[in-house]
Amino acid sequence: MKFSIALVVATSLYAASSVVACAGSSSGVNRRAELVRRANSVPVLPPTVERLPTSLDSLLGSSGGREALKSKFESGLHLIQLAGNQKVWMTEDQILTELIQKHVRFFDLTDQPLDVVADNLRVANSADQIFAATAIPTTLAQKTLVNSLIPKISKANFNSTLTTLSNFYNRYYTSTYGVQSAQWLFDQASTIANSTAGKTVKASVKKFTHTWAQFSVIATIPGSSTEKVIVGAHQDSINQSNTAGRAPGADDDGTGSVTILELFRILVEAGFVPTKTLEFHWYAAEEVGLRGSQAIANNYKSASAKVAGMLQLDMTGYRPTAPGVIGLVTDYVSTPLNTFLKLLIDNYATIGRTEFKCGYACSDHASWYQSSFPSVCPFEATIGTDNPNIHTANDVIKNLVNFDHMVQFARISLGFLVELGSSA
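Please read all numbers here as calculations on a predicted model, not as lab measurements.

A. Structural detail: the sheet that holds strand 13 (residues 378–379). Ordered in space as 11-10-13, the three strands form an open sheet in which the pairing is mixed. Pairing within the sheet leaves two strands with one partner each, and these edge strands are strand 11 (352–356) and strand 13. Relative to strand 11, strand 10 (residues 325–329) runs parallel, the two being bridged by five bridges. The partner of Ile326 across the bridge, within strand 11, is Arg353. Along the sheet, helix 12 (residues 335–348) makes contact with strand 10, strand 11 and strand 13, crossing strand 10 at roughly 175°. Along the sheet, helix 14 (residues 403–422) makes contact with strand 10 and strand 13, crossing strand 10 at roughly 55°.

B. Broad picture of the environment of Asn147. Within the secondary structure, Asn147 sits in helix 6 (residues 143–149). What makes Asn147 partly exposed here is its relative accessible area of 40%. In the structure, Asn147 is positioned 268 residues away from Gly415 in sequence and 8.7 Å away in space, judged by C-alpha atoms.

C. Quick look at the nonpolar core. Within the largest apolar cluster, 78 residues are counted, with the highest numbers of intra-cluster contacts made by Phe264, Leu267, Phe280, Trp282 and Phe416. If one sorts the elements of this core by residue count, helix 14 sits on top with eleven residues. Ignoring sequence-local partners within four residues, the contact set of Trp282 consists of Leu185, Ala189, Ser216, Val217, Ala219, Ala233, Gln235, Ser257, Ile260 and Leu261. Counting residues in hydrophobic clusters, the runner-up holds 19 residues, among them Leu96, Trp212, Ala285 and Val288.

D. A look at the sheet that holds strand 12 (residues 375–376). With mixed pairing, the six strands of this open sheet are ordered in space as 5-6-8-7-9-12. Looking at the sheet topology across the chains shown, the edges are occupied by strand 5 (204–208) and strand 12. Where strand 7 (residues 225–234) meets strand 9 (residues 307–312), five bridges bridge the pair, whose relative direction is parallel. Counted as the bridge partner of Val229 is Gly309 from strand 9.

E. A look at helix 10 (residues 250–269). By the criterion of burial, helix 10 is predominantly enclosed, with 19 of the 20 residues buried. Of the residues one or two after helix 10, Gly271 is the one with positive phi, at around 70°.

F. Summary view of unusual backbone geometry. Residue Asp253 is bonded to the preceding Asp252 through a cis peptide linkage, with omega at -5°. Take Asp253: it is sitting in helix 10. Between Ala322 and Pro323 the backbone carries a cis peptide bond, its omega angle lying at 5°. With respect to the helices and strands, the residue Pro323 is situated in the loop between strand 9 and strand 10. If you check the backbone angles, Tyr332 has positive phi at about 60° while not being a glycine. Inspection of the secondary structure assignment puts Tyr332 in the loop between strand 10 and helix 12. The phi dihedral of Leu400 falls on the positive side, at around 85°, and the residue is not glycine. Within the secondary structure, Leu400 sits in the loop between strand 13 and helix 14. For Leu400, a relative accessible area of 36% translates into the label partly exposed.

G. Looking closely at the state of the cysteines. Taken as a whole and judged by the stated rule, the model has zero disulfides. Counting only cysteine sulfurs, Cys362 is the nearest neighbor of Cys377, a cysteine outside any disulfide, at a range of 5.2 Å. Given the relative accessible area of 1%, Cys377 is considered buried.

H. Highlighting the packing of aromatic side chains. This structure, assessed with the given rule, holds ten aromatic pairs. Measuring from centroid to centroid gives 5.5 Å for Tyr300 and Trp368, while their planes differ by 80°, and the two rings are edge-to-face. Taken together, the residues Tyr300 in helix 11 (residues 291–302) and Trp368 in helix 13 (residues 365–370) connect sequence positions 68 residues apart. In terms of burial, Tyr300 and Trp368 fall into one category: buried. Look at Phe340 and Phe416: their rings are 6.4 Å apart centre to centre, the planes differ by 50°, and that puts the pair in the tilted class. Placement of Phe340 in helix 12 and of Phe416 in helix 14 is noted, with a sequence separation of 76 residues between them. Each member of the pair, Phe340 as well as Phe416, is classed as buried.

What counts, and where the lines are drawn
Residues numbered from 1 in each chain as written. Predicted model: local features only at pLDDT ≥ 70, side-chain atom pairs only at ≥ 80, totals over all residues. Heavy atoms only, no water. Pairing = 2+ DSSP bridges. Helix = DSSP H or I, 4+ residues; strand = E, 2+ residues; numbered from the N terminus. Contact = heavy atoms within 4.5 Å. Axes fitted to C-alpha atoms, helices over the stretch in contact; angles between N-to-C directions. Buried < 20%, exposed > 50% of the residue type's maximum accessible area, 1.4 Å probe, protein only. Core = buried A, V, L, I, M, F, W, Y, C linked by side-chain atoms within 4.5 Å. Disulfide = S-S within 2.5 Å. Phe/Tyr/Trp six-rings, centres within 6.5 Å; stacked < 30°, edge-to-face > 60°.

Shown next, in the form of structure tokens:
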């Protein structure tokens, strides 16, 4: 995740707290205020950064405009969407130094179907968002089943899988390690799907490939309906000082990645057959502009897929003080789905909740939101009180990852999948 709260079309939450001295100190409070200010400002970019001279719609509406876009992409430039609907052309070096290292959020629109992107931007800029294919439940009908599944959550599994995942030197989206870690996740999910229980529920796993090296992974438990309920996490990691450097990404977002792997295991082994189709997503390239989740959400939109709800788990392991809380992002999410998430927390978690704004598109749920699919994002803390080690070589298990806190997110996510997946 990226925690500069701010900027619009974003990539993951960047650790504001990496520069916060102490969550409770006055300097920490001032820093959080500065992050909020940045988050709601259009970034000042150097004059060498070229702005898109006209609207994306105008360019796509003419053959000359499309050729101009094609020429830019072929030269190696990236089309970046920033706060205030500002679009610019940037090199990879500029993205790192002017955006990532300065905690500026952005969408990298490169490689995305631009006709779909243009439609997304029109919808996002309109007064009304078009959301759920079906109504979101306002009551819980599967409490007995969910409560029987919760004891199956294994902290030992969290420890084992997160140890392996964070032992990859890094999981950067263009690195050999990023491909190896993606293959490891694919293999873990495939082992579950190919088990006797997996074959019974007809579970499957597939790779969603991209134009870069790391692929995304999608596991499925089919329902009687093709309408989807999705839980997601991002598998990639980044060292923002040196993208080739050590980036264990234990909390960001190893915790979310192994949590949904555990959810997949529990539901398969329980022989759960949902009404709606359940999907478990591990996204590539979140840290560099939400590229993997954008590709999948845009693909689903182009295919007219129905998505009842998407829940993103991006950082679930840091608990600044006991007993901890679940932070609910309240901006750029589906309000009805967030109301449903509150119901799940109140019934299936054993800790409380709080609310905060994290700015436009602080993680992969933003890709689904911009494509008009309902999405939500529960988070390990609130802005400025999250894990101070993310995006560095210090994001390792021994530094602040709490398995009891991860269990809370697994509990509510089981509720999300079973309750929403069983509803008509």
